Amino acid sequence: MSLNSDIAIVGGGLIGPVLALACAKAGLKCVVVDAQSMDTRANAKFDGRAYALALASRRMLNALGIWQHVAEYAQNMNDIKVTDGRQGDGAAFLGLHFSSDEIEDGPMGSMLEDRYLRRTMMQMIDRHPDITHLSGTRVVAQTITAQGASLTLDDGSVVTTTLIVGADGRQSSTAARAGITRMGWDYKQTALVCAIAHEAPHNGIAHQFFMPSGPLAILPLPGNRSSIVWTEQHNLANAIHRLPDNDYLQVLRPRFGDFLGAIELCGPRHVYPLNLTIARSFTGPRVALAGDAAHGVHPIAGQGLNAGLRDVAALSEVLITAHQHGEDIASPAVLSRYAQWRSFDTAALATATDLFNRLFSNDNALLRMGRDLGMGLVNALPSARRTAIREAAGLNGDLPKLMQ
Ligand SMILES: Cc1cc2nc3c(=O)[nH]c(=O)nc-3n(C[C@H](O)[C@H](O)[C@H](O)COP(=O)(O)OP(=O)(O)OC[C@H]3O[C@@H](n4cnc5c(N)ncnc54)[C@H](O)[C@@H]3O)c2cc1C
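Sequence order as written defines the numbering, with residues in each chain counted from 1. In keeping with the predicted nature of the model, local features appear solely for residues at pLDDT of at least 70, side-chain atom pairs appear and are counted solely at 80 or more, and the whole-chain, interface and lining totals rest on all residues. Hydrogens and waters are ignored; side-chain quantities use all the structure's heavy atoms.

1. As for unusual backbone geometry
The phi dihedral of Asn203 falls on the positive side, at around 55°, and the residue is not glycine. Strands here are runs of E lasting at least two residues and helices are runs of H or I lasting at least four, both read from the DSSP assignment and numbered beginning at the N terminus. By secondary structure assignment, the location of Asn203 is in the loop between β14 (182-198) and β15 (205-211). The class of Asn203 is exposed, set by a relative accessible area of 55%. Phi at Arg286 takes a positive value of approximately 55°, unusual for a residue other than glycine. Three exposure classes are used, based on accessible area relative to the maximum for each residue type with a 1.4 Å probe and protein chains only: buried under 20%, partly exposed in between, and exposed over 50%.

2. A word on the sheet that holds strand β13 (residues 163-166)
The 6 strands lie next to each other as β9-β3-β2-β13-β21-β20, forming an open sheet whose pairing is mixed. Of all the strands in the sheet, just β9 (131-135) and β20 (283-284) have a single pairing partner and so form its edges. Two strands qualify as a pair provided that DSSP identifies no fewer than 2 bridges between them. Two elements, strand β3 (residues 30-34) and β9, share 5 bridges in a ladder whose sense is parallel. Counted as the bridge partner of Val31 is Thr132 from β9.

3. What about the sheet that holds strand β12 (residues 158-161)?
Pairing within the open sheet is mixed, and its 4 strands lie in the order β1-β12-β11-β10. With partners counted over all chains shown, the strands left at the sheet margins are β1 (2-4) and β10 (139-144), one partner each. Taken pair by pair, the neighbouring strands of this sheet meet at an average axis angle of 20°, ignoring direction. One ladder, built from 4 bridges, connects strand β11 (residues 149-153) with β12; its direction is antiparallel. Lines fitted to the C-alpha atoms define the axes, with helices restricted to the stretch that makes contact. Angles between their N-to-C directions range from 0 to 180 degrees.

4. As for the site of the ligand
Around the ligand lies a shell of 30 residues, among which Asp34, Ala52, Asp292, Gly302 and Leu305 are the nearest. Here a polar contact is recorded for every N or O atom pair within 3.5 Å, except that within protein the pair must consist of a potential hydrogen donor and a potential acceptor, and residues adjacent in sequence are included only if both atoms are side-chain atoms. Backbone polar atom of Ile15 to an oxygen atom of the ligand: 3.1 Å apart, as the coordinates give it. All accessibility values rest on the Shrake-Rupley procedure with a 1.4 Å probe; residue burial counts only the protein chains present in the view. Isolated, the ligand exposes 1,000 Å² of accessible area, and the fraction of that covered by the protein chains is 86%. Breaking the shell around the ligand down by element, the ones donating at least two residues are β3, β4 (50-54), β14 and α9 (304-324). Any residue with a heavy atom positioned within 4 Å of a molecule or strand is treated as near that molecule or strand.

5. Observations regarding the environment of Arg337
For Arg337, the position within the fold is in helix α10 (residues 332-360). On the basis of relative accessibility, which here comes to 35%, the residue Arg337 falls in the partly exposed class. Distance in space between the C-alpha atoms of Arg337 and Arg280 is 16 Å, their sequence separation being 57 residues. Arg337 has contacts with Val318 and Glu327, leaving out every residue within four places of it along the chain. Within polar-contact distance, the side chain of Arg337 engages the side chain of Glu327 at 2.9 Å. The contact criterion used throughout is that any non-hydrogen atoms of two residues lie within 4.5 Å.

6. Section: the nonpolar core
Here, the term nonpolar core denotes a set of buried Ala, Val, Leu, Ile, Met, Phe, Trp, Tyr and Cys residues that are joined through side-chain atoms within 4.5 Å. If you look at the biggest cluster of nonpolar residues, it comprises 107 residues, and the most contacted ones within it are Ile7, Val18, Ile66, Leu117 and Val165. Leaving out residues up to four positions away in the same chain, Leu117 has contacts with Leu14, Tyr51, Leu61, Ile66, Val70, Leu112 and Leu305. Core analysis: the next-biggest nonpolar cluster, separate from the first, contains 18 residues, Leu216, Trp230, Leu249 and Leu265 among them.

7. A closer look at the pattern of salt bridges
For this document, the term salt bridge refers to a Lys or Arg side-chain nitrogen within 4 Å of an Asp or Glu carboxyl oxygen. Enumeration according to the criterion identifies 15 salt bridges in this entry. The partner of Asp114 in a salt bridge is Arg118, and the shortest N-O contact between them spans 2.9 Å. Taken together, the positions of Asp114 and Arg118, both in helix α5 (residues 114-127) and 4 residues apart, correspond to about one turn of that helix. Each member of the pair, Asp114 as well as Arg118, is classed as buried. A salt bridge links Glu317 to Lys401, with the nearest nitrogen and oxygen atoms 3.7 Å apart. Of this pair, Glu317 sits in helix α9 while Lys401 sits in the segment after α12 (382-392), and the two are 84 residues apart along the sequence. One network of salt bridges, with partners in common, ties together Arg310, Asp311, Arg342 and Asp345.

Here is the structure:
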């Protein structure tokens, strides 16, 4: 089989399909290839995973006609509370409290289960006349010439294209084949992820407790349910993950106190070993990277997918403008517009998440006092608080049109 496209996207996780939908809207023909089968990717059962989507990301999904299909399953995040925490102690006295009431734009984010977002994307790319979706097929080679590029799939099929986009995750083979190297390190931490049902309502409040071993996020889901992203050192996390459900809850419970009343698990549990991995370049000849393929960061601020969506918004805007002006969408000049747009933002996100993780994931009394005072100070200054709220909502910086 041989297919022809304007953009061949390697990876049909979340970022690949959104890019295809954004570009196909302007008439660019896209092929999306993913190694996993549709059964695995569009599983309708709740698997415990959910995302904190910033307001800017929600606007973008709305502009692409995706949000309309998932809005009924989303939970607004009205407030975010950030505090130092210690097992058994509950939250420290000084901390940050961000409220959506302080900005004019509405709730600063929404929580959405992975299953709804993924299923909707799969349906939309399957239905779109300008998108070809190949599932259960791995890209094994790519060829670049001055005139164009091609992908070879593991069944021998070839996709010819103008531009290859690597949306193939943290171990992007598209980047490796293009000779793009990566920088980063292992955090020696693992995220334990699960969903809980609780007795008391969460009132749309997201909590981030900075525990000595790593951050613990409690993020509101519809009903009396919350998503937990809980970071521990590798060995302890793996030992906790092996515990039966009841014992697992016994370990979790004292870490965030009793403000939600009785809790129980309401979905499967997951573990994600955490690392930082940033591509040294976001583009190469006829290649662009987006999402985790470009930057895999610590989930401390729940910004990984949001940053990937910003890549998509910027890349699609650059490509569509070039296409409308009759430029080669994969020319070095066009691709460097994308790289320049995204590199500062990404470096800032990687540095901030890394710094916060180092600053907060320890029990040093002096650092603890300093960070508590720092948070108390930011909290007391309305302008600093407002800047932080707009940052959490994804509204700062040079926003692509899709997010405005
Ligand atoms: C614990 C945790 C919590 C998180 N919480 C949040 C949050 O609240 N908010 C947020 O914004 N982000 C969050 N993130 C980050 C978010 O999950 C990721 O940034 C996002 O899922 C990345 O999507 P992606 O499409 O770039 O990559 P992936 O989801 O990794 O998709 C890559 C796809 O490429 C395919 N692929 C790979 N190689 C090939 C090949 N050779 N051929 C064909 N296909 C291939 C794979 O099958 C896969 O489907 C969290 C991350 C973690 C670990």
